[in-house]
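Below are the chains, spelled out letter by letter.
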Amino acid sequence: MALKAPKGCVDLIGKDARAWERFCAVAADVFTRYGYERIELPTFEQVDLFVRGCGETTDVATKEIFSVLSIGAAAKLREGGQLKADQRLALRPEGTASVVRAVAQHNLIPQGGAPVKLYYAGPMFRCERPQKGRLREFHQVGIECLGAIDATADAEMIIVCMRFFEALGLQTSSMELLINSMGCPECRPAYAQKVAAYMHEHEGELCEECVRRAETNPLRAFDCKNSGCFDVMEGAPRFEDELCEHCRERFAQVKAALRAAGLDYRCDSRLVRGFDYYTGTVFEVQVTEGLGSQSAIGGGGRYDKLMAEVGGNDVCGLGFAVGFERIVLALEAAGVQLAEEIHPQVYVACVDATVRDEAFQLVQDLRDAGIFTLYDQQGRSLKSQFKLADKSGATYCLILGPEELAAGQAKLRHMQTHDERPIALASAPQEILSLI
Ligand code: HAM
(Lines give C-alpha, C1' and ligand atoms only; values in the text may rest on other atoms or scores of the structure.)
Protein backbone atom coordinates (compact mmCIF):
# COMPACT_ATOMS: atom_id res chain seq x y z
CA MET A 1 0.00 0.00 0.00
CA ALA A 2 1.26 3.49 -0.87
CA LEU A 3 2.30 5.39 2.23
CA LYS A 4 0.71 8.71 3.09
CA ALA A 5 1.55 11.56 5.45
CA PRO A 6 0.15 10.92 8.95
CA LYS A 7 -3.39 12.08 9.74
CA GLY A 8 -3.54 15.82 10.41
CA CYS A 9 -0.15 16.53 8.80
CA VAL A 10 0.34 18.27 5.47
CA ASP A 11 3.15 18.64 2.97
CA LEU A 12 3.91 22.25 2.12
CA ILE A 13 4.88 22.10 -1.52
CA GLY A 14 6.07 24.87 -3.86
CA LYS A 15 3.77 27.87 -3.44
CA ASP A 16 2.60 26.67 0.00
CA ALA A 17 6.20 26.35 1.21
CA ARG A 18 6.93 29.82 -0.17
CA ALA A 19 3.88 31.11 1.73
CA TRP A 20 5.42 29.75 4.96
CA GLU A 21 8.73 31.45 4.09
CA ARG A 22 6.94 34.74 3.43
CA PHE A 23 4.97 34.39 6.69
CA CYS A 24 8.27 33.97 8.57
CA ALA A 25 9.91 36.85 6.68
CA VAL A 26 7.03 39.23 7.51
CA ALA A 27 7.17 38.06 11.13
CA ALA A 28 10.94 38.67 11.27
CA ASP A 29 10.49 42.12 9.80
CA VAL A 30 7.73 43.20 12.20
CA PHE A 31 9.14 41.55 15.34
CA THR A 32 12.67 42.90 14.77
CA ARG A 33 11.25 46.43 14.75
CA TYR A 34 10.03 45.82 18.30
CA GLY A 35 13.40 44.49 19.48
CA TYR A 36 12.81 40.72 19.21
CA GLU A 37 15.66 38.32 18.35
CA ARG A 38 15.30 34.88 16.82
CA ILE A 39 15.54 31.73 18.93
CA GLU A 40 15.66 28.23 17.46
CA LEU A 41 14.19 25.75 19.91
CA PRO A 42 14.36 21.96 20.07
CA THR A 43 11.41 20.22 18.42
CA PHE A 44 11.11 17.95 21.44
CA GLU A 45 11.57 18.58 25.13
CA GLN A 46 11.00 16.72 28.38
CA VAL A 47 7.30 15.92 28.85
CA ASP A 48 7.50 17.52 32.31
CA LEU A 49 8.18 20.93 30.79
CA PHE A 50 4.80 20.96 29.06
CA VAL A 51 2.88 19.24 31.86
CA ARG A 52 4.21 21.67 34.46
CA GLY A 53 4.29 24.64 32.10
CA CYS A 54 0.93 24.34 30.34
CA GLY A 55 -0.90 22.87 33.34
CA GLU A 56 -1.47 19.24 34.38
CA THR A 57 -5.19 19.27 33.69
CA THR A 58 -5.19 21.17 30.40
CA ASP A 59 -6.30 19.40 27.19
CA VAL A 60 -2.78 19.88 25.83
CA ALA A 61 -1.17 18.01 28.74
CA THR A 62 -3.83 15.31 29.20
CA LYS A 63 -4.82 14.46 25.62
CA GLU A 64 -2.79 16.19 22.98
CA ILE A 65 0.86 15.48 23.67
CA PHE A 66 2.73 13.24 21.23
CA SER A 67 5.34 11.46 23.25
CA VAL A 68 8.70 10.58 21.74
CA LEU A 69 10.39 7.32 22.67
CA SER A 70 13.81 6.19 21.58
CA ILE A 71 13.91 2.49 20.60
CA GLY A 72 15.85 1.81 23.80
CA ALA A 73 13.35 3.63 26.00
CA ALA A 74 10.44 1.81 24.33
CA ALA A 75 12.12 -1.55 25.01
CA LYS A 76 12.71 -0.57 28.63
CA LEU A 77 9.01 0.31 29.01
CA ARG A 78 7.97 -3.00 27.44
CA GLU A 79 10.11 -4.82 29.95
CA GLY A 80 8.26 -3.03 32.75
CA GLY A 81 11.09 -0.57 33.48
CA GLN A 82 10.68 3.07 34.45
CA LEU A 83 11.99 5.95 32.35
CA LYS A 84 14.02 8.75 33.84
CA ALA A 85 12.62 12.28 33.46
CA ASP A 86 15.07 13.09 30.66
CA GLN A 87 13.93 9.98 28.73
CA ARG A 88 10.29 11.03 28.80
CA LEU A 89 10.11 13.30 25.79
CA ALA A 90 7.35 15.07 23.88
CA LEU A 91 7.02 16.82 20.54
CA ARG A 92 6.47 20.46 21.45
CA PRO A 93 2.78 21.44 21.46
CA GLU A 94 3.69 25.14 21.71
CA GLY A 95 6.73 27.40 22.05
CA THR A 96 6.21 29.44 25.21
CA ALA A 97 7.31 26.84 27.77
CA SER A 98 10.42 26.09 25.68
CA VAL A 99 11.42 29.75 25.40
CA VAL A 100 11.00 30.24 29.14
CA ARG A 101 13.03 27.07 29.78
CA ALA A 102 15.79 28.34 27.47
CA VAL A 103 15.88 31.77 29.13
CA ALA A 104 16.18 30.13 32.56
CA GLN A 105 18.71 27.51 31.40
CA HIS A 106 21.04 30.04 29.76
CA ASN A 107 20.49 32.66 32.43
CA LEU A 108 19.55 35.21 29.77
CA ILE A 109 18.26 37.64 32.36
CA PRO A 110 21.22 38.52 34.54
CA GLN A 111 20.56 41.04 37.31
CA GLY A 112 19.05 44.15 35.73
CA GLY A 113 19.23 42.62 32.26
CA ALA A 114 15.50 42.42 31.55
CA PRO A 115 13.65 42.35 29.32
CA VAL A 116 14.69 39.53 27.01
CA LYS A 117 12.68 39.51 23.79
CA LEU A 118 12.71 36.42 21.58
CA TYR A 119 10.73 35.15 18.59
CA TYR A 120 10.42 31.69 17.11
CA ALA A 121 8.94 30.01 14.08
CA GLY A 122 8.36 26.36 13.39
CA PRO A 123 6.12 23.31 13.60
CA MET A 124 4.09 22.47 16.72
CA PHE A 125 2.36 19.16 17.41
CA ARG A 126 -0.98 18.45 19.08
CA CYS A 127 -2.94 15.23 18.83
CA GLU A 128 -6.29 16.87 18.08
CA ARG A 129 -9.13 15.68 15.85
CA PRO A 130 -8.12 17.12 12.49
CA GLN A 131 -10.52 19.48 10.74
CA LYS A 132 -10.38 22.67 8.69
CA GLY A 133 -7.86 24.93 10.44
CA ARG A 134 -6.97 22.28 12.99
CA LEU A 135 -3.99 20.02 12.31
CA ARG A 136 -1.81 17.68 14.31
CA GLU A 137 1.34 19.25 12.94
CA PHE A 138 0.85 22.95 12.36
CA HIS A 139 3.14 25.96 12.12
CA GLN A 140 3.41 28.94 14.42
CA VAL A 141 5.40 32.07 14.86
CA GLY A 142 5.43 33.57 18.30
CA ILE A 143 7.15 36.13 20.47
CA GLU A 144 7.94 36.06 24.17
CA CYS A 145 9.09 38.96 26.33
CA LEU A 146 10.53 38.11 29.74
CA GLY A 147 10.93 40.67 32.48
CA ALA A 148 8.63 43.53 31.38
CA ILE A 149 6.21 44.35 34.17
CA ASP A 150 4.52 47.52 32.91
CA ALA A 151 0.92 47.48 31.65
CA THR A 152 2.16 49.15 28.45
CA ALA A 153 4.06 45.89 27.73
CA ASP A 154 0.69 44.08 27.64
CA ALA A 155 -0.73 46.66 25.28
CA GLU A 156 2.41 46.62 23.13
CA MET A 157 2.20 42.82 22.84
CA ILE A 158 -1.30 43.15 21.41
CA ILE A 159 -0.21 45.98 19.11
CA VAL A 160 2.67 43.89 17.67
CA CYS A 161 0.23 41.05 17.02
CA MET A 162 -2.23 43.33 15.20
CA ARG A 163 0.57 44.96 13.19
CA PHE A 164 1.75 41.52 12.14
CA PHE A 165 -1.73 40.62 10.87
CA GLU A 166 -1.95 43.90 8.99
CA ALA A 167 1.51 43.37 7.45
CA LEU A 168 0.32 39.96 6.21
CA GLY A 169 -2.56 41.64 4.41
CA LEU A 170 -5.48 41.09 6.80
CA GLN A 171 -7.92 43.97 7.09
CA THR A 172 -8.55 45.27 10.61
CA SER A 173 -12.29 45.14 9.82
CA SER A 174 -12.13 41.36 9.28
CA MET A 175 -10.66 40.68 12.73
CA GLU A 176 -11.99 40.89 16.25
CA LEU A 177 -9.69 41.40 19.23
CA LEU A 178 -10.93 39.78 22.43
CA ILE A 179 -9.33 40.52 25.78
CA ASN A 180 -9.76 39.36 29.35
CA SER A 181 -7.86 39.28 32.62
CA MET A 182 -7.10 35.92 34.26
CA GLY A 183 -6.35 37.57 37.59
CA CYS A 184 -3.45 36.64 39.86
CA PRO A 185 -2.72 34.14 42.64
CA GLU A 186 -4.51 36.59 44.97
CA CYS A 187 -7.88 36.66 43.22
CA ARG A 188 -7.92 33.60 40.93
CA PRO A 189 -8.46 30.87 43.59
CA ALA A 190 -11.52 32.65 45.03
CA TYR A 191 -12.93 33.19 41.55
CA ALA A 192 -12.28 29.55 40.57
CA GLN A 193 -14.15 28.46 43.72
CA LYS A 194 -17.11 30.65 42.78
CA VAL A 195 -17.16 29.13 39.29
CA ALA A 196 -16.90 25.62 40.79
CA ALA A 197 -19.86 26.35 43.10
CA TYR A 198 -21.88 27.59 40.11
CA MET A 199 -20.92 24.44 38.16
CA HIS A 200 -22.06 22.23 41.05
CA GLU A 201 -25.46 23.95 40.93
CA HIS A 202 -25.69 23.06 37.23
CA GLU A 203 -24.03 19.64 37.43
CA GLY A 204 -26.89 17.87 35.62
CA GLU A 205 -26.46 20.07 32.56
CA LEU A 206 -22.68 19.62 32.23
CA CYS A 207 -20.73 16.95 30.33
CA GLU A 208 -18.85 14.32 32.35
CA GLU A 209 -15.56 16.05 31.73
CA CYS A 210 -16.82 19.40 33.01
CA VAL A 211 -18.22 17.72 36.12
CA ARG A 212 -14.64 16.52 36.69
CA ARG A 213 -13.29 19.95 35.80
CA ALA A 214 -15.43 21.49 38.56
CA GLU A 215 -13.16 19.60 40.98
CA THR A 216 -9.81 19.87 39.23
CA ASN A 217 -9.74 23.09 37.19
CA PRO A 218 -13.13 24.81 36.90
CA LEU A 219 -12.00 27.63 34.58
CA ARG A 220 -11.21 25.09 31.84
CA ALA A 221 -14.99 24.54 31.50
CA PHE A 222 -15.17 27.89 29.68
CA ASP A 223 -13.23 26.20 26.88
CA CYS A 224 -15.53 23.14 26.60
CA LYS A 225 -16.76 22.54 23.03
CA ASN A 226 -19.98 20.86 24.24
CA SER A 227 -22.91 23.18 23.42
CA GLY A 228 -24.76 22.36 26.68
CA CYS A 229 -21.70 23.32 28.74
CA PHE A 230 -21.27 26.43 26.62
CA ASP A 231 -24.80 27.57 27.51
CA VAL A 232 -24.31 26.84 31.22
CA MET A 233 -20.97 28.66 31.38
CA GLU A 234 -22.58 31.66 29.69
CA GLY A 235 -24.28 32.36 33.04
CA ALA A 236 -21.19 31.72 35.21
CA PRO A 237 -19.74 34.49 37.41
CA ARG A 238 -17.55 36.85 35.39
CA PHE A 239 -13.88 37.23 36.25
CA GLU A 240 -14.02 40.96 35.58
CA ASP A 241 -16.37 41.35 38.56
CA GLU A 242 -14.08 39.33 40.85
CA LEU A 243 -10.63 40.74 40.11
CA CYS A 244 -8.61 42.09 43.04
CA GLU A 245 -7.90 45.81 43.17
CA HIS A 246 -4.44 45.40 41.64
CA CYS A 247 -5.64 43.26 38.70
CA ARG A 248 -8.65 45.52 38.08
CA GLU A 249 -6.37 48.55 37.98
CA ARG A 250 -3.87 46.87 35.63
CA PHE A 251 -6.59 45.67 33.30
CA ALA A 252 -7.96 49.22 33.16
CA GLN A 253 -4.47 50.51 32.30
CA VAL A 254 -4.08 47.94 29.51
CA LYS A 255 -7.48 48.89 28.07
CA ALA A 256 -6.60 52.58 28.25
CA ALA A 257 -3.30 51.95 26.42
CA LEU A 258 -5.13 49.98 23.71
CA ARG A 259 -7.63 52.79 23.25
CA ALA A 260 -4.77 55.30 23.08
CA ALA A 261 -3.24 53.16 20.31
CA GLY A 262 -6.55 53.28 18.46
CA LEU A 263 -7.27 49.54 18.77
CA ASP A 264 -10.83 48.29 19.03
CA TYR A 265 -11.34 45.39 21.42
CA ARG A 266 -14.13 43.45 23.09
CA CYS A 267 -13.88 42.28 26.70
CA ASP A 268 -14.82 38.60 26.84
CA SER A 269 -15.00 37.19 30.35
CA ARG A 270 -15.16 33.65 28.91
CA LEU A 271 -11.76 33.96 27.28
CA VAL A 272 -9.53 31.71 29.43
CA ARG A 273 -7.20 30.39 26.67
CA GLY A 274 -5.98 26.80 26.67
CA PHE A 275 -3.10 26.97 29.15
CA ASP A 276 -2.94 27.35 32.91
CA TYR A 277 0.16 29.53 32.83
CA TYR A 278 -1.72 32.75 32.11
CA THR A 279 -2.02 35.48 34.72
CA GLY A 280 -3.51 38.92 34.08
CA THR A 281 -4.08 40.02 30.48
CA VAL A 282 -5.02 37.41 27.88
CA PHE A 283 -6.09 38.08 24.32
CA GLU A 284 -7.16 36.31 21.17
CA VAL A 285 -7.75 37.51 17.64
CA GLN A 286 -10.55 35.90 15.68
CA VAL A 287 -11.56 36.30 12.08
CA THR A 288 -15.11 36.56 10.86
CA GLU A 289 -14.63 34.71 7.54
CA GLY A 290 -12.95 31.58 6.22
CA LEU A 291 -12.33 29.52 9.34
CA GLY A 292 -15.65 28.28 10.70
CA SER A 293 -15.31 27.10 14.27
CA GLN A 294 -11.50 27.44 14.32
CA SER A 295 -11.70 31.21 14.09
CA ALA A 296 -8.76 32.07 16.40
CA ILE A 297 -5.77 33.08 14.29
CA GLY A 298 -3.57 34.04 17.21
CA GLY A 299 -3.53 34.68 20.89
CA GLY A 300 -1.47 35.00 24.00
CA GLY A 301 -1.11 36.88 27.22
CA ARG A 302 0.84 37.36 30.41
CA TYR A 303 2.36 34.47 32.39
CA ASP A 304 4.07 35.92 35.44
CA LYS A 305 4.53 32.59 37.29
CA LEU A 306 5.72 30.35 34.43
CA MET A 307 9.44 31.03 34.77
CA ALA A 308 9.41 30.03 38.45
CA GLU A 309 7.26 27.00 37.54
CA VAL A 310 9.89 25.64 35.14
CA GLY A 311 12.71 26.18 37.61
CA GLY A 312 13.95 29.69 36.86
CA ASN A 313 13.89 32.92 38.84
CA ASP A 314 10.60 34.61 39.55
CA VAL A 315 10.52 36.67 36.35
CA CYS A 316 7.32 37.87 34.70
CA GLY A 317 6.60 37.23 31.01
CA LEU A 318 4.14 37.66 28.19
CA GLY A 319 3.80 36.70 24.54
CA PHE A 320 1.60 35.41 21.76
CA ALA A 321 1.62 32.94 18.88
CA VAL A 322 -0.04 32.96 15.48
CA GLY A 323 -0.98 29.90 13.41
CA PHE A 324 0.24 29.84 9.81
CA GLU A 325 -2.39 27.45 8.41
CA ARG A 326 -5.27 29.51 9.80
CA ILE A 327 -3.76 32.72 8.44
CA VAL A 328 -3.59 31.12 4.98
CA LEU A 329 -7.31 30.24 5.21
CA ALA A 330 -8.24 33.72 6.48
CA LEU A 331 -6.23 35.38 3.73
CA GLU A 332 -7.74 33.10 1.08
CA ALA A 333 -11.22 34.13 2.26
CA ALA A 334 -10.12 37.76 1.86
CA GLY A 335 -8.74 37.06 -1.63
CA VAL A 336 -5.12 37.67 -0.56
CA GLN A 337 -2.26 35.35 -1.54
CA LEU A 338 0.80 35.05 0.71
CA ALA A 339 2.91 33.74 -2.17
CA GLU A 340 2.61 34.02 -5.93
CA GLU A 341 3.30 31.35 -8.53
CA ILE A 342 6.84 31.72 -9.84
CA HIS A 343 7.79 31.32 -13.49
CA PRO A 344 11.12 30.90 -15.26
CA GLN A 345 12.49 33.97 -16.96
CA VAL A 346 14.04 31.96 -19.76
CA TYR A 347 13.37 28.53 -21.25
CA VAL A 348 16.25 27.31 -23.44
CA ALA A 349 15.06 25.12 -26.33
CA CYS A 350 17.34 23.02 -28.57
CA VAL A 351 16.48 22.65 -32.27
CA ASP A 352 18.25 19.25 -32.36
CA ALA A 353 20.61 17.07 -30.34
CA THR A 354 23.78 18.53 -31.93
CA VAL A 355 23.49 21.71 -29.85
CA ARG A 356 22.88 20.09 -26.47
CA ASP A 357 26.42 20.59 -25.14
CA GLU A 358 26.34 24.31 -25.98
CA ALA A 359 22.81 24.58 -24.54
CA PHE A 360 24.04 22.98 -21.31
CA GLN A 361 26.79 25.62 -21.02
CA LEU A 362 24.45 28.47 -21.96
CA VAL A 363 21.95 27.43 -19.28
CA GLN A 364 24.69 27.46 -16.62
CA ASP A 365 25.86 30.93 -17.80
CA LEU A 366 22.32 32.30 -17.59
CA ARG A 367 21.82 30.88 -14.10
CA ASP A 368 25.22 32.17 -12.95
CA ALA A 369 24.06 35.62 -14.10
CA GLY A 370 21.04 35.25 -11.77
CA ILE A 371 18.44 34.35 -14.39
CA PHE A 372 15.81 31.71 -13.52
CA THR A 373 16.32 29.31 -16.45
CA LEU A 374 14.80 25.94 -17.36
CA TYR A 375 15.55 23.55 -20.21
CA ASP A 376 14.76 20.04 -21.31
CA GLN A 377 16.92 17.11 -20.16
CA GLN A 378 14.85 14.34 -21.70
CA GLY A 379 15.69 14.74 -25.40
CA ARG A 380 12.21 16.04 -26.27
CA SER A 381 11.30 17.31 -29.75
CA LEU A 382 11.43 21.05 -30.41
CA LYS A 383 7.62 21.13 -30.49
CA SER A 384 7.43 19.51 -27.05
CA GLN A 385 10.03 21.93 -25.72
CA PHE A 386 7.92 24.86 -26.97
CA LYS A 387 4.88 23.35 -25.23
CA LEU A 388 6.84 23.02 -22.01
CA ALA A 389 8.16 26.57 -22.30
CA ASP A 390 4.59 27.76 -22.69
CA LYS A 391 3.31 25.67 -19.78
CA SER A 392 6.11 26.88 -17.51
CA GLY A 393 4.99 30.48 -18.01
CA ALA A 394 8.52 31.52 -19.05
CA THR A 395 8.90 35.13 -20.17
CA TYR A 396 11.38 34.26 -22.98
CA CYS A 397 12.32 31.20 -24.96
CA LEU A 398 15.93 31.12 -26.13
CA ILE A 399 16.12 28.86 -29.19
CA LEU A 400 19.46 27.32 -30.05
CA GLY A 401 19.94 25.66 -33.46
CA PRO A 402 23.01 24.53 -35.45
CA GLU A 403 22.79 27.46 -37.86
CA GLU A 404 22.44 30.10 -35.14
CA LEU A 405 25.22 28.43 -33.19
CA ALA A 406 27.58 28.57 -36.15
CA ALA A 407 27.00 32.34 -36.20
CA GLY A 408 27.56 32.59 -32.43
CA GLN A 409 23.88 33.42 -31.94
CA ALA A 410 20.53 32.16 -30.64
CA LYS A 411 16.95 33.30 -31.20
CA LEU A 412 15.19 35.11 -28.37
CA ARG A 413 11.41 34.78 -28.48
CA HIS A 414 9.08 36.73 -26.21
CA MET A 415 6.51 34.16 -25.20
CA GLN A 416 3.56 36.57 -24.97
CA THR A 417 4.13 38.76 -28.03
CA HIS A 418 5.94 36.06 -30.08
CA ASP A 419 8.45 38.75 -31.14
CA GLU A 420 11.70 37.09 -32.16
CA ARG A 421 15.17 38.47 -32.62
CA PRO A 422 18.74 37.16 -32.83
CA ILE A 423 20.91 37.52 -29.76
CA ALA A 424 24.71 37.08 -29.53
CA LEU A 425 25.53 34.08 -27.31
CA ALA A 426 28.53 35.79 -25.73
CA SER A 427 26.44 38.66 -24.38
CA ALA A 428 23.12 36.78 -23.95
CA PRO A 429 23.08 36.77 -20.10
CA GLN A 430 23.76 40.53 -19.84
CA GLU A 431 21.29 41.38 -22.58
CA ILE A 432 18.52 39.25 -21.10
CA LEU A 433 19.24 40.69 -17.67
CA SER A 434 18.66 44.17 -19.08
CA LEU A 435 15.31 43.05 -20.52
CA ILE A 436 13.79 41.37 -17.44
P1 HAM B 1 -2.59 28.84 21.09
O2 HAM B 1 -3.81 29.70 21.15
O3 HAM B 1 -2.74 27.44 21.55
O4 HAM B 1 -1.49 29.58 21.92
O5 HAM B 1 -2.03 28.80 19.62
C6 HAM B 1 -1.80 29.99 18.91
C7 HAM B 1 -2.35 29.86 17.50
O8 HAM B 1 -1.83 28.67 16.89
C9 HAM B 1 -3.85 29.68 17.43
O10 HAM B 1 -4.51 30.92 17.51
C11 HAM B 1 -4.02 29.04 16.07
O12 HAM B 1 -3.92 30.02 15.06
C13 HAM B 1 -2.79 28.15 15.98
N14 HAM B 1 -3.14 26.76 16.34
C15 HAM B 1 -3.26 26.23 17.58
N16 HAM B 1 -3.58 24.92 17.51
C17 HAM B 1 -3.67 24.63 16.19
C18 HAM B 1 -3.96 23.43 15.45
N19 HAM B 1 -4.20 22.27 16.05
N20 HAM B 1 -3.97 23.49 14.09
C21 HAM B 1 -3.72 24.66 13.45
N22 HAM B 1 -3.42 25.81 14.10
C23 HAM B 1 -3.39 25.80 15.44
C24 HAM B 1 -0.23 29.14 22.10
O25 HAM B 1 0.27 28.24 21.47
C26 HAM B 1 0.55 29.92 23.13
N27 HAM B 1 1.89 29.34 23.25
C28 HAM B 1 0.58 31.38 22.73
C29 HAM B 1 1.37 32.22 23.68
C30 HAM B 1 2.62 32.67 23.49
N31 HAM B 1 0.95 32.63 24.86
C32 HAM B 1 1.93 33.34 25.42
N33 HAM B 1 2.95 33.35 24.61
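See the structure above.
Rules used throughout
- Residues numbered from 1 in each chain as written.
- Predicted model: local features only at pLDDT ≥ 70, side-chain atom pairs only at ≥ 80, totals over all residues.
- Heavy atoms only, no water.
- Helix = DSSP H or I, 4+ residues; strand = E, 2+ residues; numbered from the N terminus.
- Rg over C-alpha atoms; globule rule 2.2 N^0.38 Å.
- Lys, Arg positive; Asp, Glu negative; His and termini not counted.
- Charge placed at Lys NZ, Arg CZ, Asp CG, Glu CD.
- Near = heavy atom within 4 Å.
- Polar contact = N/O pair within 3.5 Å; in protein donor to acceptor, adjacent residues only side chain to side chain.
- Areas by Shrake-Rupley, 256 points an atom, 1.4 Å probe, with all protein chains shown as cover.
- Nonpolar A, V, L, I, M, F, W, Y, C, P; charged D, E, K, R; others polar.
- Core = buried A, V, L, I, M, F, W, Y, C linked by side-chain atoms within 4.5 Å.
- Buried < 20%, exposed > 50% of the residue type's maximum accessible area, 1.4 Å probe, protein only.
- Contact = heavy atoms within 4.5 Å.
- Salt bridge = Lys/Arg side-chain N within 4 Å of Asp/Glu carboxyl O.

Asker: Account for the overall build of the protein, naming residues and giving values.
Answerer: The helix and strand tally for the protein stands at 16 helices and 16 strands. At 28 Å, the protein has a C-alpha radius of gyration far larger than the 22 Å of a compact globule built from 436 residues. Principal-axis analysis of the C-alpha atoms places the extent of the protein at approximately 90 × 60 × 50 Å. Here the protein contributes 48 positive and 61 negative side-chain charges, whose respective centroids are spaced 3 Å apart.

Asker: Describe the site of the ligand, and please don't skip the residues or the numbers.
Answerer: Lining the immediate environment of the ligand, one finds 26 residues, of which E94, T96, E128, E144 and Y278 sit closest. A distance of 3.0 Å is found between an oxygen atom of the ligand and a side-chain nitrogen or oxygen belonging to Q140. Y277 places a polar side-chain atom, nitrogen or oxygen, 3.1 Å from a nitrogen atom of the ligand. Protein burial of the ligand: of its 650 Å² of free accessible surface, 96% is covered by the chains. For the shell around the ligand, the secondary structure elements donating two or more residues are strand 6 (137-146), strand 10 (296-302) and strand 11 (317-323). At six residues, strand 10 tops the list of elements feeding residues into the shell around the ligand. By residue class, the composition of the shell around the ligand is 10 nonpolar, nine polar and seven charged.

Asker: Explain the nonpolar core to me, using residue names and the numbers behind them.
Answerer: Here is a general trend for soluble globular proteins: nonpolar side chains tend to be buried in one another's company. Residues F23, F31, V141, F164, F165 and I297 are the most contacted members of the largest nonpolar core, which totals 109 residues. The biggest single contributor to this core is helix 6 (residues 151-168), with 12 residues. What F31 contacts, discounting residues up to four positions off in sequence, is Y36, Y119, V141, G142, I143, V160, F164 and F320. Membership of the second largest hydrophobic core comes to 18 residues, among which are V346, V363, I371 and I432.

Asker: Can you tell me about the pattern of salt bridges, naming the residues and giving the values?
Answerer: Side-chain pairs of opposite charge can arise where the charged atoms are in close proximity. Following the criterion strictly, the structure yields 30 salt bridges and no others. Of the charged contacts in the structure, one is a salt bridge between E242 and K194, with a shortest N-O distance of 3.1 Å. With E242 in the loop between helix 9 (227-234) and helix 10 (245-260) and K194 in helix 7 (residues 188-201), this residue pair connects regions lying 48 residues apart in the sequence. A relative accessible area of 26% places E242 in the partly exposed class. On the basis of relative accessibility, which here comes to 42%, the residue K194 falls in the partly exposed class. Taking the shortest distance from any N to any O, the salt bridge between R380 and D376 comes out at 3.0 Å. The exposure class of R380 is partly exposed, given its relative accessible area of 32%. We classify D376 as buried; its relative accessible area is 3%.

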